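# Fold and contact review
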Amino acid sequence: MSAVATTPAEVEHSTSPLVRLPWKASIGLGIFAVLAVVLLIVFGRDGKTVFEFTANGGSAIAPLTIPARPVDIVIAIVAVVLAVVSAVLTRRQIKTPFWYIAIFALFIITGFLIWASAGNSNPFYITALLVGTVGASTPYIFGSLGGVISERVGVTNIAIEGQLLAGAFVSALTATATHSAIAGIIAAAAAGVLVSFVLGAFTIKYWVNQVIVGVVLNFLVIGLTTFVYQQVLTTNTALNSFPALQNFNIPLLSAIPIIGPVLFGQNVIVYLMYVAVVLVTIGLYRTRWGLRLRSVGEHPQAADTVGINVGRTRFWNVALAGAIVGIGGSWFTLGDVGPFDANITNGAGYIALAAVIFGGWHPIRAMFAALLFGFCTDLQSAFSTSGSAVPNDFLLMLPYVVTILAVAGFVGRVRPPAAAGKPYIKS
């Protein structure tokens, strides 16, 4: 008798004709490879692209000058080869690895940057782009971490947008009242918890559809914050004026060329993001807390039989997720944009939710997905500095286009936590 695949990994890699890997990832790579051929070869641009590596006014390494057309042709050919290899792997029932997709994305992004900056009068500042990418990705990463925790424990968190917005709003008011940005960050975490309490109460205790509650909470927070902003803050700007966080360099680490200013010349919210990624990853996979959390999200009945209180575990972990997301919301006011404005988050919560799915409900992968979306978000300012001819409207919609394509084309078969979105009714 032949062995039967019993684990998700074995099923995913099984060659049985009854279990077939989807072609979504390979098709997605193929579409981008075709687009690369059209853009980089058919509509290739002559001239040279100059990549400048600067940090704090000083040059880290010498500028890199690249002949645009020949290099882009090579990149397009490599993209086609990678897409073909992915198709061959899928045909042999071997899943295209996440790192393989990341390498493919790196080639596509590099080719696009070279094409868009060819012949420009100003160089393209790589270090500045990477610094901006880390900053722009910060709320996405906080949001995705909260989403991973919530969904791993069995609660679908559509309310990330509302938690981010609540964190931004409360952090601005608190920092104004206390003249302390740190107090604003703490208040932002509390605001995220408050939104999570409502989410948890309706979905866990009263078994209301989790998606509906999340959407309603998003609109509720948007309505409340917009009302207060228009009725109070626009007429009394003193209530919306607070000390912004300043970037500070970590000694020694910030002196590392390129990597130093990108990772270690940020503000305290970004450093908290690094800590949160590490703690959530270790906690989920190396601690008793993480084991109990994941067991509740995968098989709540089994968890209940061994003495785990499913409702309590879900409720308090959803609250923890809200605190993390709320801190991410404070970045919009204390760390970047400045005074609170209506709908300042601008859909960041939905992009964070896409990062959760794209990352396969794993904190590290979700972080890299969020970095990709943050990179697309920061391209607008980077291209405006270099004088690129890429239309501004295209750059504005790019993060959302990439979000849709990433989830629809690159994810392939992903398995969310088995009990995510399902209320637990104890029999």
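A brief look at the structure comes next. (Residues numbered from 1 in each chain as written. Predicted model: local features only at pLDDT ≥ 70, side-chain atom pairs only at ≥ 80, totals over all residues. Heavy atoms only, no water.)

## Let's talk about the packing of aromatic side chains
Applying the stated criterion across every chain, the model contains 16 aromatic pairs. A ring pair is formed by phenylalanine 112 and phenylalanine 383, whose centres lie 5.9 Å apart and whose planes are at 80°; its orientation type is edge-to-face. In this pair, phenylalanine 112 is assigned in helix α4 (residues 98–117) and phenylalanine 383 in helix α15 (residues 363–386), connecting sequence segments 271 residues apart. When the ring of phenylalanine 315 is compared with that of tryptophan 316, the centres are 5.4 Å apart and the planes differ by 90°; the resulting orientation is edge-to-face. Sitting over the face of the ring of tryptophan 115, arginine 45 holds its NZ or CZ atom 5.4 Å from the ring centroid. Directly above the aromatic system of tyrosine 206 lies the positively charged group of lysine 205, at a separation of 5.7 Å from the ring centroid. (Phe/Tyr/Trp six-rings, centres within 6.5 Å; stacked < 30°, edge-to-face > 60°. Helix = DSSP H or I, 4+ residues; strand = E, 2+ residues; numbered from the N terminus. Lys NZ or Arg CZ within 6 Å of the ring centre and 35° of its normal.)

## Notes on a nonpolar patch on the surface
Judged by side-chain polarity, Val34, Val38, Ile41, Val42, Phe43, Ile73, Ile77, Val81 and Val85 come together as a nonpolar surface patch covering roughly 730 Å² of accessible area. Of all the secondary structure elements, the ones that give two or more residues to the nonpolar patch are α2 (24–42) and α3 (68–91). Locating valine 34 in the fold gives a position in helix α2. (Patch = residues over 30% accessible without salt bridge, like charges linked within 9 Å, V, L, I, M, F, W, Y side chains within 5 Å. Areas by Shrake-Rupley, 256 points an atom, 1.4 Å probe, with all protein chains shown as cover. Salt bridge = Lys/Arg side-chain N within 4 Å of Asp/Glu carboxyl O.)

## Notes on the nonpolar core
Where a protein is soluble and globular, its nonpolar side chains tend to be buried together. One finds Phe124, Phe340, Phe373 and Leu379 to be the most contacted residues of the largest nonpolar core, which totals 109 residues. The leading source of residues in this core is helix α13 (residues 310–336), at 11 residues. The contact partners of leucine 379, leaving out residues within four places of it in the chain, are Phe112, Leu113, Phe124, Leu129, Leu395 and Leu398. (Core = buried A, V, L, I, M, F, W, Y, C linked by side-chain atoms within 4.5 Å. Buried < 20%, exposed > 50% of the residue type's maximum accessible area, 1.4 Å probe, protein only. Contact = heavy atoms within 4.5 Å.)

## With respect to the pattern of salt bridges
The final tally for this structure, using the stated rule, is 2 salt bridges. For the salt bridge of aspartate 46 with arginine 69, the shortest nitrogen-to-oxygen distance reads 2.6 Å. Linking aspartate 46 in the loop between α2 and β1 (48–52) with arginine 69 in helix α3, this pair joins segments that are 23 residues apart in sequence. In this structure, the salt-bridge partner of lysine 426 is aspartate 304, at a minimum N-O distance of 3.8 Å. Taken as a pair, lysine 426 in the segment after α16 (392–410) and aspartate 304 in helix α12 (residues 300–305) lie far apart in primary sequence, 122 residues in all. By relative accessible area, which is 61% here, lysine 426 ends up exposed. With a relative accessible area of 17%, aspartate 304 lands in the buried category.

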